[in-house]
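# Inside the fold
Chain by chain, the residues:
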Amino acid sequence: MTGTSETRQYGGRDRDTEGRARNARPRDGLGRPLPYGANGVERQPEGVVRGPGATVAEAQTLLDAGRPFHAHEVFEDAWKSGPPDERGLWRGLAQLAVGLTHAARGNTTGGARLLRRGAGAVEEWTAGTGRPRPHDLDLAELVVWARELAAVVERDGGPVDAAAASPRLRGRAA
């Protein structure tokens, strides 16, 4: 299923054609719902099966554009559709993107907490698999980035610029 599937109101809630909750309200660049009829950014399609390279490329494009909420949805698709032994990796990367989303929205506590949780998940996955650079991802650098950004968010207390604060998934040289 993709985000372009039809949604209807059932019992006062937006639902897709299979009856699952699916908010049809437009969203801003950080994924916050806007009023019905407002101009929002194009939503990221859900349930897209991509290979790891396409996942990383799409997520990086979204992060560079200051859309970490949408990058999180790309990682979530990989987490749900990828091989079982990589689910922890993609889940951790999704948490990093959500942490950046919250930090950009000005949610200091949630942003810092999710950045650290994502860093821990990525670090744990790396330790468990012995794979520090799966799909050419620089996991050690991502862990450092997340913890440093969490500290900045806590110290400064205000929202961060999502595009300026976004990580390089394949490292600084990529």
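Structural notes, computed from the coordinates. Note that the structure is a prediction, hence the values are computed from the model and not measured.

As a further point, take helix H1 (residues 52–64). With 13 residues, H1 ought to run about 18 Å at 1.5 Å a step, and its terminal C-alpha atoms sit 18 Å apart, in line with that. Residues Thr55, Val56, Ala59, Gln60, Leu62 and Leu63 constitute the buried set of H1. One side of H1 carries all its buried residues, which in axial view fall inside an arc of 165 degrees. Its buried side turned inward, H1 meets helix H2 (68–81), helix H3 (87–105) and helix H6 (162–165). Of the residues one or two after H1, Gly66 is the one with positive phi, at around 75 degrees.

The next subject is the packing of aromatic side chains. Any two aromatic rings considered together are summarised by their centre-to-centre distance and by the angle between their planes. Applying the stated rule across the entire model yields one aromatic pair. Judged by centre distance (6.2 Å) and plane angle (25 degrees), the ring pair of Phe75 and Trp90 falls under stacked. Taken together, the residues Phe75 in helix H2 and Trp90 in helix H3 connect sequence positions 15 residues apart. This pair shows no difference in class: Phe75 is buried, exactly as Trp90 is.

Cut-offs used in this document
Residues numbered from 1 in each chain as written. Predicted model: local features only at pLDDT ≥ 70, side-chain atom pairs only at ≥ 80, totals over all residues. Heavy atoms only, no water. Helix = DSSP H or I, 4+ residues; strand = E, 2+ residues; numbered from the N terminus. Expected span 1.5 Å × (residues − 1). Buried < 20%, exposed > 50% of the residue type's maximum accessible area, 1.4 Å probe, protein only. Arc of directions from axis to C-beta. Contact = heavy atoms within 4.5 Å. Phe/Tyr/Trp six-rings, centres within 6.5 Å; stacked < 30°, edge-to-face > 60°.

Fair warning: the whole summary comes from geometry, so function is off the table for now.
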